[in-house]
Structure formats: C-alpha cells, structure tokens
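Structural characterization, general
So you can see what is in the structure, the chains are spelled out below.
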Amino acid sequence: MNRTVFELGFGKTEDEIQVDRLPIQGKFPDWLLGSLIRNGPGTFHIGDETYRHWFDAPAMLHKFTFEDGVVGYANKFLDTQSYRASMQQGQIVYPEFATNPQWSFLERVKNVYAPKITDSAKVNVAKIGPNYMALAETPIQVTFDPDNLDTTGTFSYEENLNGQMTTVHPHFDPTRNLTYNLVTRFHQTSHYRIYQLKNGQNPKMITNIPVNKPAYMHSFGMSENYFILTEFPLVVNSLALMFWLKPYIENYQWKPSKGTRVTVIDRRSGEIVFRIKTDPFFAFHHVNAFEKGDELIVDIDAYTDASIIQNFYLDKLAMPNSGLAFGKLRRYRIDMKAKRISYETLSEACVELPVFDVSRYQNSGDYRFIYAVSINENQRSGFYNQIVKVDIQGKADAYWYQPGCYPGEPVFVGRPGRQAEDDGVILSVVLDENAQSSFLLALDAGSFLELGRAKIPQPVLFGYHGAFFDNRPSETGA
Ligand SMILES: [Fe+2]
C-alpha cells in the first residue's frame, strides 16, 4: 500500500482524548442511542522496536457515544501488564501473535518454564454477564468500565478452564443467558474444549475433544442444536509451542493434504454426532449457521489457503504492490443423513470482518444480508477499501466506496421497531488518506447511501472488532 496509508494505519496513536461532540457532516439518526466500542492496536512502535504483524501490538479501546444525533468520542489504551512493561522498558516485553521479544538465551530458557503470556486483549469486545470485556485469543481476558474505558480486572481461561488459546468470537444464547466459547489446551495430546458461562460466571465444560495436532481456529459455528468445529489444515505440533523458538503463529504449518475436518457437536450433551472431511480451506470467521431438515448449513468467510496470515505482516503491507488474498462467502451444506458436505459461493465479492443482524437472525435460515469490509476490483493493491452488503437471497451486492478511504469492520445497528432486516445503520471507522485522519461513517443499511460522518481529530489505526451497546434495555448488543 502507499506510504501515507501504511504510516497512518499501522503507526502509533499519539493521544488518548475525549471529545463530547465530534463535528458532523450530514446527519446521524436521532434514534441511535448507546455506544459503539471498538478494539484494536494502539501502537505498532515501542521504543525503537516495531511489531511485525497486524495482529500484534497493545490494545486500544475507542468509544463512540450517540444521543440525539450527537456523536462523542474517547480512546484509551487498555492498562495491561504487557502494555505497562513495554512502556516502562521501552521495548517489546511480551510475545504476541507473530512477534517475540528480543530475548537473550537465558530469557528464552526462562520463558519455557515460566512463560510470559500477553494480556493485551485487543481483538474484540463483548458484554458477558455483567462485565464489559476486551477479548483476546490468549487466555487472559480484560474487563473494563464502559463509561471511562478504564481497565478494571482480568479473567483467566487458564485458571478457570485449563486452556491456553481461545476464540474472540463467543456465541450467545440470550434467552438462557449463556455464553459459549472454544478453548484449546496444548499438551502431548491436546484438547478442544467448549465451555459455557451462565451470566458470565460458573464456567462449565461441555465437551473435551482430544486432538493430536490442533488447528488454528479464530471462530467456530453454532446452530440451534449444534456446535460446529471447522479444523482447517493449519496445524501445530504442541511441543513446538513450548520452546518459543518462533513467534506463536509461525509454529503452525499449512498441511493441505489433511483436508478440513468438520466436527458437529450436540450443544446439550457435548457428544460428537458427526464428523466429515472436506477439501482444504482456511477462514477466520464463521458467519451464521442454521438447520433445515437433515441439513446443517454453515456460512463461512473462506480462503483457498492460509496465505492471508502472511499478507498481514507489516513488511509485506508496506510494499507498494501489497495485496490481500480474497475471502469469499461460502455456504456449506452438511447432509447429516447422507453424510455429504458441499458448498456454494454466495458472492464473488472479497469479504472480511463479516457481520449480520445477530440479535434477530442468529440461527435463522431467513437471514439475507451480510455486511463486511471488501476490496475494490479496480484498486486491489493496498488494504480493505470498501464496505460490501451481500444479499444472500437476491445474489446482488451493494458497495460503499470512496477513493482514499479505508473502512473498518461495519457494525449493524437496527432501528428499534424495524420490520425489514436492513432497516438500520452501518457504523464504520474509516481512515481518510487525504484528510490524514479518520471519521466514523454512518450508512443507511437499506440504501447503502451515506447518512453522515463524524470527524475524529486523529487517525485511528486499522482495528479488528467492535460492538454496539444499546442503551435501550431490550436491544442489548453483544
Ligand atoms: Fe475475528
């Protein structure tokens, strides 16, 4: 990508600020009441050192508040051990996804026996039980105060569930106040564990599946009655992780000959009900899953291989001709009776960070719209530069694109009392190359036309996930 965009999107955030009223061009809907909280990297530079990959770096929260068409903004680093240590020592102290600190031999040996596990929970946010949490793939999750973004505590999967890695995409059962997530326990024989939390507490293991070489899984699927584990052939020998010779993700190897194994698990009993292999592919994100007769239907944002992880190294992104592998929406149909699996491609658009109206259409075969970041066919070098709305049923896509603009994950907020699925707004933080700053974009989710933009007085680094928390009690976002 060009130098300006790279330095704006993968640089450092200079200030933690709070603005009560951002200047707005256009209009934000009066009915929008609540806050959008986003998570992502706060700086890629520590002292003279630079992180290596988009998925490294300390966490920064960004909060947008909405009331009567007024938009407020605040940003703050998550106050974690790893962030404090880095700031105090002026160097990278904790290992991240694709960066290890510059350890001496002795430090490396020490880390085998007493590993430093990062608490930089930078990937997602969710309200789990009463707690607002910053979510990480590493086992330490961080709670924060949604009013002032102060860090308030931690929750350790290792202590509570004996697992070392987890997904940042828990599933929710709001009617029973349950949260589900997947953790992986690395050992000579490793295990996948799905657990549930009741009102954010009392972790209970539902299933414990042994695995020889665990796969890297960023999410998993859930339908009305089943969990779906999709084991892509990006796998690790667990013993290699113990010695920290390479950064975490570089211990994983792409083994396409293994194919992709799909495991269907009964949500209530935890028993495996079905296992089937299919061709190799890779994905970060499951989208939605639902059941129809004997069929289990799983929508996934799929890549033909795992090269997208390589694409996100900063030295690759900094190259003028950098490009990203295209993720595409696939609908997998698993016929549990005939023991068959097949897929169709739902759209030819490049899709990443996909969202849909989870609050109303989770596990519903009627859902129609998926919103995501995408790449414009005529501007393929660089980074995600448009937002796409995929109409699964109509097979037509709509786009928001402006030259020099790089939008982040689109978050859908439905208008209270809506009938139509796409009656609402899309909120996305957009990096504006020409203004050398960012703005929060509001799109009409139905027409996909711009309603307004609120200008942030600084650039926001390219982030990952966020959530809208509605102030109306019956419309809680998660
Ligand atoms: Fe994700």
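This is a predicted model, so every value here is computed, not measured.

Take the overall build of the protein next. Helix and strand counts for the protein come out as eight helices and 36 strands. Relative to the 2.2 N^0.38 estimate, which gives 23 Å for 478 residues, the radius of gyration of the protein is 21 Å and therefore close to what a compact globule would have. Considering only C-alpha atoms, the protein reaches an extent of 60 × 55 × 45 Å along its principal axes. Within the protein, the proportion of its 478 residues that are buried is 60%. Within the protein, counting contacts between residues at least 6 apart in sequence, those at least 24 apart form 58% of the total. When the accessible surface of the protein is summed, it comes to about 19500 Å², and 46% of that surface belongs to carbon and sulfur atoms. Of the charged side chains in the protein, 47 are positive and 54 negative, and the gap between their average positions amounts to 6 Å.

Below, the discussion takes up empty space enclosed by the protein. Within this structure, the stated rule accounts for four cavities of 30 Å³ or more. Of the pockets and cavities examined, the largest cavity occupies roughly 190 Å³. Secondary-structure elements contributing two or more residues to the lining of the largest cavity are β3 (34-41), β31 (405-407) and β33 (424-432). Split by residue class, the lining of the largest cavity holds 13 nonpolar, five polar and one charged.

This part is about the coordination of the iron ion. Around the iron ion, the protein supplies His 169 (NE2), His 218 (NE2), His 285 (NE2) and His 465 (NE2) as donor atoms, at distances of 2.0 to 2.1 Å. Of note is the iron ion, whose four donor atoms meet at the metal with angles of 95 to 148° in an arrangement that counts as irregular. Read in sequence order, the donor residues coordinating the iron ion give the pattern H-x48-H-x66-H-x179-H. On the criterion of sequence distance, the pair formed by His 218 in the loop between β16 (201-211) and β17 (221-222) and His 285 in strand β23 (residues 282-292) is long-range, its members being 67 residues apart. Accessibility assignment for this pair places His 218 and His 285 in one class, buried.

Here we take up the sheet that holds strand β30 (residues 397-401). Read across the open sheet, the four strands follow the order β27-β28-β29-β30; overall the sheet is antiparallel. Two strands in the sheet have a free side with no partner beyond their single neighbour: β27 (352-355) and β30. Direction aside, neighbouring strands of the sheet carry axes that sit 20° apart on average.

One non-glycine residue, Asn 177, lies in positive phi territory at about 60°. As for its placement among the helices and strands, Asn 177 is situated in the loop between β13 (171-173) and β14 (178-185). Notably, Phe 448 is not glycine yet its phi reads approximately 65°, a positive angle. The topology assignment puts Phe 448 in the loop between β34 (437-444) and β35 (450-456). Accessibility expressed as a relative area gives 4% for Phe 448, which makes it buried.

Rules used in this analysis
- Residues numbered from 1 in each chain as written.
- Predicted model: local features only at pLDDT ≥ 70, side-chain atom pairs only at ≥ 80, totals over all residues.
- Heavy atoms only, no water.
- Helix = DSSP H or I, 4+ residues; strand = E, 2+ residues; numbered from the N terminus.
- Rg over C-alpha atoms; globule rule 2.2 N^0.38 Å.
- Buried < 20%, exposed > 50% of the residue type's maximum accessible area, 1.4 Å probe, protein only.
- Contact = heavy atoms within 4.5 Å.
- Areas by Shrake-Rupley, 256 points an atom, 1.4 Å probe, with all protein chains shown as cover.
- Lys, Arg positive; Asp, Glu negative; His and termini not counted.
- Charge placed at Lys NZ, Arg CZ, Asp CG, Glu CD.
- 1 Å grid on protein atoms, 1.4 Å probe; cavity = no way out; pocket = protein on both sides within 12 Å on 5 of 7 lines; lining within 4 Å.
- Points joined across faces, edges and corners; volume = space filled by probe spheres on them.
- Nonpolar A, V, L, I, M, F, W, Y, C, P; charged D, E, K, R; others polar.
- Donors = N, O, S within 2.8 Å, 3.2 Å for Na, K, Ca; no water.
- Tetrahedral: all angles 85-135°; square planar, octahedral: opposite > 155°, others 65-115°.
- Pairing = 2+ DSSP bridges.
- Axes fitted to C-alpha atoms, helices over the stretch in contact; angles between N-to-C directions.

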